Amino acid sequence: MSNQHNQEKLSSARFSESTDAFVEEFTASIQFDQRMYKQDIQGSIAHAKMLTKAGILNEQELNDIIQGLTQIQADIEVGKVEWSIKQEDIHMNIESRLTDLIGITGKKLHTGRSRNDQVATDIRLYLRDEIDVILPELKRLQSGLVELAEREADTIMPGFTHLQTAQPVTFGHHMLAWFEMLKRDVERLQDCRKRVNTMPLGSAALAGTTYPIDRTYTAELLGFDRISENSLDGVSDRDFAIEFTGFAATLLMHLSRFSEELVLWSSAQFQFIDLPDRFCTGSSIMPQKKNPDVPELVRGKSGRVYGHLMSLLTLMKSQPLAYNKDNQEDKEPLFDTVDTVKGCLRAFADMVPAMIVKREMTYEAAKRGFSTATDLADYLVGKGLPFRDSHEVVGLAVAHGIQSGQDLSEMSLQTLQDFCDKIEEDVFEVLTLEGSVAARNHLGGTAPVQVRAAVQRARNWLNEL
Ligand code: ARG
């Protein structure tokens with residue numbers, strides 16, 4: 001084999017023929033892992049500093065490496081770098097370019113490491129960076145919900161079970177239900193970040209390295225909180241990516257449920273809300289249409305994230321220790337999950353506080369469907385009737401209401417007393433929607449004063465984050 005060929009092909013000294021052109025393309029990852037160029041360079045600089053501290057490189061070599069890598073990063077950022085399939089992945093592309101730039105010293109950078117621990121490190125650095133972008137976006141969406149909840153703390157709407165009118169609730173209370181779900185998502189992501197922020201570098205190919213490396217120092221330079229404690233696990237673990245995608249799948253499930261409500265609520269049948277025009281599109285044929293595209297798309301995107309979670313779980317399930325090429329398949333699902341989460345959060349964080357609530361419509365809707373029936377039953381319990389009997393009495397009153405087209409609050413005292421003689425004039429206070437929500441006045445209840453208190457707690461929580 002010629003010497004020239006030897007340089008083109010990765011670890012090629014043992015090969016007697018060059019890789020098939022298709023196989024080269026098929027096995028390369030540069031098409032997508034170029035996304036991690038910054039983290040790859042960051043990791044290499046830290047590694048080189050550690051090698052210098054350990055006496056493996058000298059100061060001159062370190063300076064050359066840092067200068068070379070900094071130059072490469074600048075070149076990448078202005079689009080001057082053409083990626084090479086022959087160099088397979090981001091790690092080899094950068095390293096070979098470094099050698100082109102600074103000569104033989106470039107070849108020393110890979111001392112005491114392997115692409116196996118290098119790639120594991122890069123993904124963790126990449127994901128940590130993205131988590132640090134996603135967390136504030138989640139918080140921005142939550143702030144929007146809190147703002148809306150405060151604005152609509154007194155707004156009455158029907159609460160549903162089985163999508164049937166159940167009891168009146170306040171719109172603000174409903175928004176804060178979404179806040180709570182997202183709060184758990186934030187906590188999940190923060191917890192996931194702890195495990196992402198573990199440094200595998202130093203695991204080398206699988207068994208560690210014979211060089212006197214100082215992993216603690218490298219970890220410090222890279223801002224890792226801890227170091228992986230087993231080299232085999234360090235190079236092969238991808239459960240941090242699964243965990244992140246699990247977080248994302250749960251978040252998208254929440255956003256998808258939320259989307260479903262926004263789609264329903266903005267329909268001509270509900271008319272609870274108006275989504276600002278800038279988040280909707282028209283129809284090419286029906287002039288009256290205003291489609292809630294953003295929530296529909298977010299609802300749809302939950303599917304791809306669930307798919308990525310399944311891909312990653314399946315990718316890992318049969319891999320023997322330690323690194324296998326299968327792992328290269330971790331990147332696209334992870335990257336797309338990150339992009340999807342960021343896109344959906346951005347759309348929602350922009351849209352939610354701009355939502356217009358049609359208060360008269362939600363109020364009217366709450367009046368339909370006997371939403372204060374439970375209040376009447378509770379009232380009769382207060383007058384000494386056992387709950388099961390009062391349930392029965394109110395059932396009869398509702399049946400009468402359906403027949404006569406009247407809400408309970410619209411019936412005369414005489415009519416109500418025909419169902420139960422314990423009913424008195426004060427019944428009308430509990431039959432109003434305002435009375436109904438105000439009566440649920442305890443932590444976690446829908447009363448406007450509770451919504452305002454919850455808004456305060458939510459703001460405190462956001463400020464502590
Ligand atoms: N491109 C590879 C990946 O994404 C990098 C690690 C390659 N290591 C190896 N031994 N082939 O996983």
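Residues numbered from 1 in each chain as written. Predicted model: local features only at pLDDT ≥ 70, side-chain atom pairs only at ≥ 80, totals over all residues. Heavy atoms only, no water.

Participant: Would you explain the packing of helix α11 (residues 239-265) against helix α13 (residues 331-351) in this entry?
Facilitator: A pair of packed helices is characterised by two quantities: the angle between their axes and the separation of those axes. Where α11 contacts α13, the two axes come as close as 10 Å, and the packing angle between them is 35°. For the element pair α11 and α13, the recorded crossing hand is left-handed. Contact with α11, carried on its side by Ala241, Phe244, Thr245, Ala248, Leu251, Leu252, Leu255, Phe258, Ser259 and Leu262, involves Leu334, Thr337, Val338, Val341, Cys344, Leu345, Phe348 and Met351 of α13 and no other residues of that element. Within the contact of α11 with α13, the residues separate by chemical class into 15 nonpolar, three polar and no charged. (Axes fitted to C-alpha atoms, helices over the stretch in contact; angles between N-to-C directions. Helix = DSSP H or I, 4+ residues; strand = E, 2+ residues; numbered from the N terminus. Left-handed = near helix turned anticlockwise from the far one by under 90°. Contact = heavy atoms within 4.5 Å. Nonpolar A, V, L, I, M, F, W, Y, C, P; charged D, E, K, R; others polar.)

Participant: Teacher, can you tell me more about the site of the ligand here?
Facilitator: The environment of the ligand is formed by Ser29, Asp89, His91, Arg115, Asn116, Val119, Tyr323, Gln328 and Lys331. Interatomic distance of 3.1 Å between a side-chain N/O atom of Ser29 and a nitrogen atom of the ligand. Take Lys331: an N or O atom from its side chain is 2.6 Å from an oxygen atom of the ligand. Relative to its unbound accessible area of 340 Å², the ligand is 86% covered by the protein chains. Ranked by residues supplied to the shell around the ligand, first place goes to helix α7 (residues 115-151) with three residues. (Near = heavy atom within 4 Å. Polar contact = N/O pair within 3.5 Å; in protein donor to acceptor, adjacent residues only side chain to side chain. Areas by Shrake-Rupley, 256 points an atom, 1.4 Å probe, with all protein chains shown as cover.)

Participant: Can you help me understand the packing of helix α5 (residues 59-77) against helix α6 (residues 90-102) in this one?
Facilitator: One way to put it is that α5 packs onto α6 with a least axis distance of 9 Å and a crossing angle of 115°. Read as a crossing pair, α5 and α6 show a hand that is right-handed. Where α5 abuts α6, its residues Asp64, Ile65, Gly68, Leu69, Gln71, Ile72 and Asp75 lie against Ile94, Arg97, Leu98, Leu101 and Ile102.

Participant: Any chance you could explain the packing of aromatic side chains here in plain terms?
Facilitator: For the structure on display, the rule yields 10 aromatic pairs. Look at Phe244 and Phe247: their rings are 5.6 Å apart centre to centre, the planes differ by 45°, and that puts the pair in the tilted class. Placement of the pair is Phe244 and Phe247 together in helix α11, with a separation of three residues, close to one helical turn. For the pair shown, Phe244 and Phe247 are each scored as buried. Between Phe270 and Phe272, the aromatic rings sit 5.2 Å apart at their centres with planes inclined by 85°, giving edge-to-face as the arrangement. (Phe/Tyr/Trp six-rings, centres within 6.5 Å; stacked < 30°, edge-to-face > 60°. Buried < 20%, exposed > 50% of the residue type's maximum accessible area, 1.4 Å probe, protein only.)

Participant: I would appreciate a short explanation of the confidence of the model for the protein chain in the present structure.
Facilitator: In low-pLDDT segments, the atomic positions of the prediction should not be examined closely. When pLDDT is averaged along the protein chain, the result is 95, and 97% of the positions lie at 70 or above. Considering only residues more than four positions removed or in separate chains, one finds that residues 1-7, a stretch of pLDDT under 50, has nine contacts. (pLDDT = per-residue confidence, 0-100.)

Participant: Is there a simple way to think about the environment of Asp350 in this case?
Facilitator: Within the fold, Asp350 resides in helix α13. The sequence separation of Asp350 and Gly144 amounts to 206 residues, and the corresponding C-alpha distance is 8.2 Å. Excluding its chain neighbours within four sequence positions, the residues that come into contact with Asp350 are Arg140 and Phe279. At 2.9 Å, the side chain of Asp350 and the side chain of Arg140 are in polar contact.

Participant: Would you mind going over unusual backbone geometry with me for this structure?
Facilitator: What is expected of a backbone is that most residues other than glycine have negative phi and most peptide bonds are trans. Cis geometry is adopted by the peptide bond preceding Ala322, which originates at Leu321 and carries an omega value of 0°. Of note, Ala322 is situated in the loop between α12 (293-317) and α13. Phi at Glu88 takes a positive value of approximately 65°, unusual for a residue other than glycine. As for its position among the elements, Glu88 is in the loop between α5 and α6.

Participant: It is not clear to me how a nonpolar patch on the surface should be interpreted in this structure. Could you clarify?
Facilitator: A cluster of nonpolar side chains, Phe22, Val23 and Phe26, forms an exposed patch at the surface whose accessible area comes to about 340 Å². Summarising the element assignment, Phe22 is placed in helix α2 (residues 21-27). (Patch = residues over 30% accessible without salt bridge, like charges linked within 9 Å, V, L, I, M, F, W, Y side chains within 5 Å. Salt bridge = Lys/Arg side-chain N within 4 Å of Asp/Glu carboxyl O.)

Participant: Quick question: what am I supposed to make of the environment of Lys194 here?
Facilitator: Among the structural elements, Lys194 can be located in helix α8 (residues 171-196). C-alpha separation for the pair Lys194 and Ser228, spaced 34 residues apart in sequence, amounts to 12 Å. Side chain to side chain, Lys194 and Asp191 meet in a polar contact 3.1 Å long.

Participant: What exactly am I supposed to notice about the environment of Ile90 here?
Facilitator: Its location among the elements puts Ile90 in helix α6. Leave out the neighbours within four places in its chain, and Ile90 touches Ile30, Asp33, Gln34, Met36, Tyr37, Asp40 and Trp83.

Participant: Can you walk me through α5 in this structure?
Facilitator: Side chains three or four residues apart in an α-helix point the same way, a direct result of the helix having 3.6 residues per turn. Compared with the 27 Å implied by 1.5 Å per residue over 19 residues, the 27 Å span of α5 between its first and last C-alpha is a close match. Listing the buried residues of α5 in full gives Glu61, Leu62, Ile65, Gly68, Leu69, Ile72, Gln73, Asp75 and Ile76. In a view along the axis of α5, the buried residues occupy a sector of 160°, so they form one face of it. Along α5, exposed side chains directed more than 90 degrees from the buried face belong to Glu59, Gln60 and Gln67. Where α5 begins, one side-chain oxygen reaches toward the backbone nitrogen of Gln60, 3.0 Å away; that side chain belongs to Asn58. (Expected span 1.5 Å × (residues − 1). Arc of directions from axis to C-beta.)

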